[in-house]
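Survey of secondary and tertiary structure
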Amino acid sequence: MSEKGLGFNSKTIHGGQQPDKAYGAVMPPIYQTSTYAQTTPGGHQGFEYSRSANPTRTALENSLASIENGNYGLAFGSGLAAIDAVIKLLSPGDEVVTTNDLYGGSYRLFKKIFEKFGITFHFIGMQNAENIADYINEKSKLIWVETPTNPMMNIIDIVAVSKLAKKYNILLAVDNTFATPYLQLPLDLGADIVMHSATKYLGGHSDVVVGALVVKDKELADQLYFIQNASGAVCGPMDSFLVLRGIKTLHIRMQRHCENGKTIANYLKNHPKIEKVYWPGFEDHPNHSIAKSQMKDFGGMISFVTKGGKYKDAIAIVEKLKLFTLAESLGGVESLAGHPASMTHASIPKEEREKSGVVDALIRLSVGIEDENDLIADLEQAIG
Ligand SMILES: *Cc1c(COP(=O)(O)O)cnc(C)c1O
């Protein structure tokens with residue numbers, strides 16, 4: 001089957017997939033094996049050892065490449081393992097320019113692990129892409145972008161950043177976890193690498209931790225594959241299967257996440273006790289026009305602050321929520337609420353955190369695909 005002409009909805013279901021060769025299984029089987037019989041040394045069917053490749057993981061990697069409009073997919077044991085592999089493309093002395101409000105775990109990996117190895121990271125606001133040029137010099141090797149950012153929902157212009165990256169011959173990687181390829185295709189917008197925490201929307205059911213990279217360029221894919229195999233942070237066959245299954249409903253889940261997200265964002269915006277709502281779908285969002293041009297819709301991630309909100313007010317709200325579960329993570333079918341300052345972003349020093357707006361009163365919602373009236377009733381009783 002030629003996939004080139006398929007639309008996104010078809011790709012989530014069929015992209016990179018064929019019925020299994022052994023018995024025609026429609027869903028790629030879980031090849032729960034570490035090794036493969038050889039007829040003579042080197043005489044195998046493309047699989048030797050499951051760190052290097054496993055058929056279930058390969059099926060997932062092909063699916064990932066298809067839905068992101070790339071040529072090569074790589075699946076890892078977690079999103080952070082995928083980011084770790086990208087940074088290992090670099091050498092001591094190299095510099096990275098990255099978003100200042102980014103996933104707390106990415107910040108921790110950059111700051112606490114890779115700075116020790118002589119790599120320098122510049123954490124900057126990228127809402128205005130021109131800012132980036134000030135931090136570029138001959139040592140710059142990578143620009144790391146998250147958009148929408150977590151948790152402030154800032155939007156970064158991928159096309160503008162990619163023009164800059166190409167001008168200075170620097171790699172551009174985009175963490176596409178929040179948007180997913182349903183909303184935004186970074187490789188088509190000029191990025192070299194797209195990264196996912198597949199733990200979130202791609203898996204979609206809060207039952208697995210997996211990471212992913214997708215690229216177009218063969219040489220870059222080979223380098224990343226070398227690191228994946230040499231460092232060994234791969235995901236297992238069962239986890240690969242779960243993400244494959246999740247991806248098959250990504251488009252319909254995302255459609256509902258976006259619908260519910262829009263309803264809740266507007267509900268919060270009109271609520272007398274809410275000071276500020278961060279969601280890129282609002283016309284008065286500072287980068288709404290870029291969001292509109294690079295994204296198909298605006299997603300189900302929303303952050304907000306109550307009027308005169310203090311630490312204890314935010315905690316009281318998240319404790320009162322019933323249908324929204326207080327938990328780390330996002331992107332599952334169920335609605336989750338989080339308190340970034342004490343949860344996902346606790347690893348960022350308070351001063352750094354507050355500079356980018358992650359104040360103690362901030363609450364982040366991952367709006368699920370339940371009935372919107374039930375979600376609103378829950379927020380109503382919690383906010384009061
Ligand atoms: C969760 C997350 C990560 C890290 O992924 P894990 O699968 O938890 O390792 C990276 N970036 C973003 C935006 C995330 O939300």
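Just so it is clear, the model here is predicted, and its values are computed rather than measured.

1. Examining the domain arrangement of the chain
Under the domain assignment, the chain is made up of domain 1 (3–247) and domain 2 (251–383). Here the C-alpha centre of domain 2 lies 26 Å away from the C-alpha centre of domain 1. Taken together, the 41 residues of domain 1 in the interface contact 42 residues of domain 2. Both sides of the domain 1 and domain 2 interface together cover about 3,300 Å² of buried area, and 62% of this is carbon and sulfur. Considering only the side of domain 1, the residues that lose the most area to domain 2 are Y182, L183 and Y201, jointly responsible for 24% of the buried surface there. Linking domain 1 with domain 2 are 0 salt bridges, by the criterion used here. Counting the contacts that link domain 1 with domain 2 gives 14 residue pairs in polar contact (both at pLDDT 80 or more). If you list the elements that add at least two residues to the side of domain 1 that touches domain 2, you get α1 (8–14), α4 (104–114), α5 (158–167), α6 (180–183) and α8 (237–247).

2. Here's the deal with the sheet that holds strand β3 (residues 120–124)
Ordered by their spatial adjacency, 7 strands build an open sheet running β1-β7-β6-β5-β4-β2-β3, and the pairing between neighbours is mixed. The sheet is open, and its two borders are formed by β1 (72–76) and β3, each paired with just one other strand. On average, each strand axis in the sheet is inclined to that of its neighbour by 20°, with strand direction left out of account. The pairing of strand β2 (residues 95–99) with strand β4 (residues 140–146) spans 4 bridges and is parallel. Paired with V96 across the bridge in β4 is L142. Strand contacts of α5: β4 and β5 (171–175), with the helix running at about 155° to β5, the strand carrying the most contacts.

3. Considering the pattern of salt bridges
What the rule picks out here adds up to 13 salt bridges. A salt bridge links E61 to R57; the shortest N-O distance between them is 3.3 Å. Of the two residues, E61 and R57 are both situated in helix α2 (residues 55–67); the distance of 4 residues between them amounts to about one turn of the helix. The closest approach of N and O atoms between D360 and K350, which form a salt bridge, is 2.8 Å. Taken together, the residues span a long stretch of sequence, with D360 in the loop between α12 (350–355) and β12 (362–366) and K350 in helix α12 at a distance of 10 residues. Three or more residues are tied together by salt bridges with common partners; here these are K350, R353, E354 and D360.

4. With respect to the site of the ligand
Close contacts around the ligand come from 15 residues, with G79, D175, S197, T199 and K200 the closest. D175 places a polar side-chain atom, nitrogen or oxygen, 2.7 Å from a nitrogen atom of the ligand. Here K200 contributes a side-chain N or O atom positioned 2.7 Å from an oxygen atom of the ligand. In the complex, the protein chains occlude 93% of the 370 Å² of accessible area that the ligand would expose alone. Secondary-structure elements contributing two or more residues to the shell around the ligand are α3 (79–87) and β6 (193–197).

5. Concerning the side chain of T180
Tracing the chain through its elements places T180 in helix α6. Under the relative-accessibility criterion, T180 is labelled buried at 0%.

6. So, the packing of aromatic side chains
Scanning the model with the defined rule gives 8 aromatic pairs in all. An aromatic cluster is defined as three or more aromatic residues linked by ring pairs; in this entry it consists of Y107, F110, F121, F123 and W144. Taking the ring centre of Y103 as reference, the NZ or CZ of K200 above it sits at 5.0 Å. Of note, K269 hangs over the ring of F282, and the distance from its end group to the ring centre comes to 4.1 Å.

7. Side note on α5
Buried within α5 we find I158, V161, S162, L164 and A165. The arc that holds the buried residues of α5, viewed along the axis, is 160°, so those residues lie on one side. Facing away from the buried surface of α5 by more than 90 degrees, the exposed residues are K163, K166 and K167. Residues of α5 that are buried make contact with β4, β5 and α10 (288–294). Backbone nitrogen of V159 and a side-chain oxygen of the N-cap are separated by 3.2 Å at the start of α5; the cap is D157. A positive backbone phi angle near 60° is found at N169, which sits one or two residues after α5.

So, how was this worked out
Residues numbered from 1 in each chain as written. Predicted model: local features only at pLDDT ≥ 70, side-chain atom pairs only at ≥ 80, totals over all residues. Heavy atoms only, no water. Domains from an automatic or database assignment. Contact = heavy atoms within 4.5 Å. Buried area = accessible area lost by both parts, 1.4 Å probe. Salt bridge = Lys/Arg side-chain N within 4 Å of Asp/Glu carboxyl O. Polar contact = N/O pair within 3.5 Å; in protein donor to acceptor, adjacent residues only side chain to side chain. Helix = DSSP H or I, 4+ residues; strand = E, 2+ residues; numbered from the N terminus. Pairing = 2+ DSSP bridges. Axes fitted to C-alpha atoms, helices over the stretch in contact; angles between N-to-C directions. Near = heavy atom within 4 Å. Areas by Shrake-Rupley, 256 points an atom, 1.4 Å probe, with all protein chains shown as cover. Buried < 20%, exposed > 50% of the residue type's maximum accessible area, 1.4 Å probe, protein only. Phe/Tyr/Trp six-rings, centres within 6.5 Å; stacked < 30°, edge-to-face > 60°. Lys NZ or Arg CZ within 6 Å of the ring centre and 35° of its normal. Arc of directions from axis to C-beta.

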